[in-house]
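Residue-level structure breakdown
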Amino acid sequence: MRLMASCWRGTAARPMRGCDQRRWKEEQPVGRWGGAGSAAPTRERPRPGVLPRSPPAMARAARLLAALAALLAAAATGDARPSKIAVVGAGIGGSAVAHFLQQHFGPRVQIDVFEKGTVGGRLATISVNKQHYESGAASFHSLSLHMQQFVKQLGLRHRREVGGRSAIFNGENFVLEETDWYLLNLFRLWWHYGISFLRLQMWVEEVMEKFMRIYKYQAHGYAFSGVEELLYSLGESAFVNMTQRSVAESLLQVGVTQRFIDDVVSAVLRASYGQSAAMPAFAGAMSLAGAQGSLWSVEGGNKLVCSGLLKVTKANVIYATVTSVSLQHTEGKPLYHVEYENEAGTGSDYYDIVVIATPLHLDNSSTITFEGFDPPIDVVQGSFQPTVVSLVHGYLNSSYFGFPDPKLFPFASILTTDFPSFFSALDNICPVNVSTSFRRKQPQEAAVWRVQSPQPLFRSQLKTLFRSYYSVQTAEWQAHPLHGSHTTLPRFALHDQLFHLNALEWAASSVEVTAVAAKNVALLAYNRWYQDLDKIDQKDLMHKVKTEL
């Protein structure tokens, strides 16, 4: 993906209008008295023991008594803030939604976060030879505004980038190679594929320009109860239709050649999602956007964002597997009974709001059951794409890639087309802590290589890629939905105050998309709790937002 970023950077016929990060930064909420965070104007207080004599003072006292009466009435009718919130899952979705929920409801709300494994979820590391390496999501796009804000709030730093060249391998030879000269890279793209790379860039920019509207909507407090409503607000029917059409079909329509799709687009999608150009166009556009921009990661490991958000939120992390959520009928707002189990046994508790921040699908052995709901809550019908990440400490077999002398092998990252089928990407990776003196291992030296594959690698396949190796450590999970396997777009709102954050990943799956979903669910819960229905599923939001500025 660095290859595409290097080759495409600066080649657009026009600037990225909607992808200017400064233009789309979230606006700070406007204070009650006009300015962002501005203090209320000071007023002269009456002296102790002296009754206010002026009519304005009496009017102020009357308003104060009315406000206190309204507050007491709100508490009596159940309109006060929730007392307890449950979040199921402590990955980036769960930790982000806990953070956003506290922002909206205040620090006095108790937030319990249930996690059956380790905090971070798909943001994880593996230790190799006393160093830690990313085994989950390795990097983020420069326009990941929520992730950028998290890093800033938590006082984390961007990891120092160590450069390396990329190439695309088709099983026999390299169909595209990156050089150290930008103009030569550009010429090679043009020579092999004409202006297809420009047409692709313009298509991706158009999608991203509209998608970036979500940050403005969320800055103004708007939320959506379903994925289709969210997509329609951003790109109207065009975005919704992109979840039903393939990447290949959409790109052919804008003039991208089949050869470019087979050689380049498919390689990027295999590295990102483990899927082909037959996947839906919207998810494909999100993946291809990551190949065009500059990427970054967190010093010390990307999972530090999750643990950091839970720490500042002061969430109560309960290491247990949630088994069921049942509806309890109460006067006013519903109450949810959450049951869970761990090594100590079983437990349960009652919550005003429940957010499911983990996948719900039929082939997931830990699917949560929902009881007492009428109509019943349907589990998402769809499959997930299995992904295996193998961290191999050893010597690369450069002869397999056409370089008998390993000293001459120039690439740190290799993407693949449909062949070979047993692996999708191979990267010479750096540890999560990169010192100023760190240098990437030379090709003839033993290095840590990250191999992405759809299935665990056999010993014979490892021998194909490596001359010899010291260790192999693997992480296997259901990384992304099998896009296109879900015929309808799911909803965030499963019940009045029961939400499924991961619904959005059926349209597109990435760390930043999950953070966007977390913000949406927090706003949706807040607006529903206080019955601010004008902030939910509104049409023509761009016009509304402009009139509010």
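Our subject in this report is the structure included herewith.

Parameters and conventions
- Think of each chain on its own: its residues are numbered from 1, step by step along the sequence as written.
- Owing to the predicted nature of the model, reporting of local features is limited to residues with pLDDT of at least 70; listing and counting of side-chain atom pairs is limited to 80 or more, with chain, interface and lining totals taken over all residues.
- Processing note: side-chain calculations cover all non-hydrogen atoms of the structure and skip hydrogens and water entirely.
- A pair of aromatic rings is counted whenever rings of Phe, Tyr or Trp (Trp by its six-membered ring) have centres within 6.5 Å, and the orientation is called stacked for planes under 30 degrees apart, edge-to-face for over 60 and tilted otherwise.
- The buried label goes to any residue with under 20% of its type's maximum accessible area, the exposed label to any with over 50%, and the partly exposed label to all in between, with areas taken from a 1.4 Å probe on protein chains only.
- Each ring is checked for a lysine NZ or an arginine CZ that lies within 6 Å of its centre and within 35 degrees of its normal; such an atom marks a charge sitting over the ring.
- A side-chain nitrogen of Lys or Arg and a carboxyl oxygen of Asp or Glu constitute a salt bridge if their distance falls within 4 Å.
- Helix and strand labels come from DSSP, where a helix needs a run of H or I of at least four residues and a strand needs a run of E of at least two; each type is numbered from the N terminus.
- Interaxial angles span 0 to 180 degrees and are taken between N-to-C directions of axes, which are lines fitted to C-alpha atoms, for helices over the stretch in contact.
- An angle below 35 degrees is treated as roughly parallel, one above 145 as roughly antiparallel, one from 65 to 115 as roughly perpendicular, and anything else as oblique.
- Should any heavy atoms of two residues lie within 4.5 Å, those residues are counted as being in contact.
- Residues are grouped as follows: Ala, Val, Leu, Ile, Met, Phe, Trp, Tyr, Cys and Pro are nonpolar; Asp, Glu, Lys and Arg are charged; every other residue, Gly included, is polar.
- Paired strands, in this sense, are two strands between which DSSP finds at least two bridges.
- In plain words, nonpolar cores are sets of buried Ala, Val, Leu, Ile, Met, Phe, Trp, Tyr and Cys residues tied together by side-chain atoms within 4.5 Å.
- In this analysis, a patch consists of residues with relative accessible area above 30% that form no salt bridge, clustered at 9 Å for like charges and at 5 Å for the nonpolar side chains Val, Leu, Ile, Met, Phe, Trp and Tyr.
- Only the protein chains shown count as cover for residues, with accessible areas throughout obtained via the Shrake-Rupley method and a probe of 1.4 Å.

The final tally for this structure, using the stated rule, is 30 aromatic pairs. On the numbers, 6.3 Å between centres and 85° between planes, the contact of Phe-403 with Phe-411 is edge-to-face. Look at Phe-411 and you get buried, because its relative accessible area is 4%. Taken together, the aromatic side chains of Phe-169, Phe-174, Tyr-400, Phe-401, Phe-403, Phe-409 and Phe-411 make up a single cluster linked through ring pairs. Between the NZ or CZ atom of Lys-535 and the centre of the ring of Tyr-222, over which it lies, the distance is 4.4 Å.

We now examine the pattern of salt bridges. By the definition in use, this model includes eight salt bridges. In this structure, the salt-bridge partner of Glu-229 is Arg-491, at a minimum N-O distance of 3.0 Å. Placement of Glu-229 in helix α8 (residues 227–242) and of Arg-491 in the loop between β19 (466–481) and β20 (493–495) is noted, with a sequence separation of 262 residues between them. Accessibility expressed as a relative area gives 25% for Glu-229, which makes it partly exposed. Of the residues examined, Arg-491 reaches a relative accessible area of 39% and is grouped as partly exposed. Put simply, Glu-249 and Arg-245 hold a salt bridge, and the shortest N to O gap is 3.7 Å. On the basis of relative accessible area, Glu-249 is assigned to the partly exposed category, the value being 42%.

Two elements in contact, helix α3 (residues 92–105) and helix α4 (residues 145–154), have axes separated by 13 Å at closest approach and are oriented at 70°. Between α3 and α4, the crossing angle belongs to the class labelled roughly perpendicular. Note on element contacts: α4 touches α3 through His-146, Met-147, Phe-150 and Gln-153, opposite Ile-92, Ala-96, His-99, Phe-100 and Gln-103. Its residues assigned to classes, the contact of α3 with α4 shows five nonpolar, four polar and no charged.

It is worth spelling out the pairing of strand β11 (residues 335–342) at this point. As judged from the seven bridges shared by strand β10 (residues 321–328) and β11, these two strands associate in the antiparallel manner. Within β11, the position partnered with Ser-324 by the bridge is Glu-339. Here β11 hands over to strand β12 (residues 345–351) after two residues, the two strands then running antiparallel side by side.

Here we come to the nonpolar core. Leu-101 and Phe-282 are the most contacted members of the largest nonpolar core, which has 105 residues in total. Considering every element that reaches this core, the biggest residue donor is helix α14 (residues 511–529), with twelve residues.

Below, the discussion takes up the sheet that holds strand β9 (residues 316–319). Hydrogen bonds along the backbone pair up the strands of a sheet, which may run parallel or antiparallel. Spatially, the six strands line up as an open sheet ordered β9-β2-β1-β13-β21-β20, and their pairing is mixed. Whereas interior strands pair on both sides, the edge strands pair on one side only; in this sheet they are β9 and β20. Between one strand axis and the next, the sheet turns by 20° as a mean value, whatever way the strands run. Along the sheet face, α3 touches β1 (84–88), β2 (110–115) and β13 (353–356) and points at about 160° away from the line of β1.

A separate point is a nonpolar patch on the surface. Residues Trp-181, Leu-184, Phe-187, Trp-190, Trp-191 and Ile-195 make up a contiguous nonpolar surface patch of about 720 Å² in total accessible area. Relative to the helices and strands, Trp-191 resides in helix α5 (residues 182–193).

Moving on, we get to the sheet that holds β19. Across the sheet, which stays open at both edges, the seven strands sit in the order β7-β6-β16-β17-β18-β15-β19 with mixed pairing between neighbours. The outermost strands of the open sheet, each flanked by one partner alone, are β7 (174–177) and β19. Neighbour to neighbour, the strand axes of the sheet diverge by 20° on average, direction disregarded. Here strand β16 (residues 411–416) runs beside strand β17 (residues 425–428); their pairing, made up of three bridges, is antiparallel. By the bridge assignment for β17, Ser-413 is matched with Asp-427. Packed on one face of the sheet, helix α10 (residues 258–273) meets β6 (165–169), β7, β15 (384–396), β16, β17, β18 (447–453) and β19 and runs near 100° to β16.

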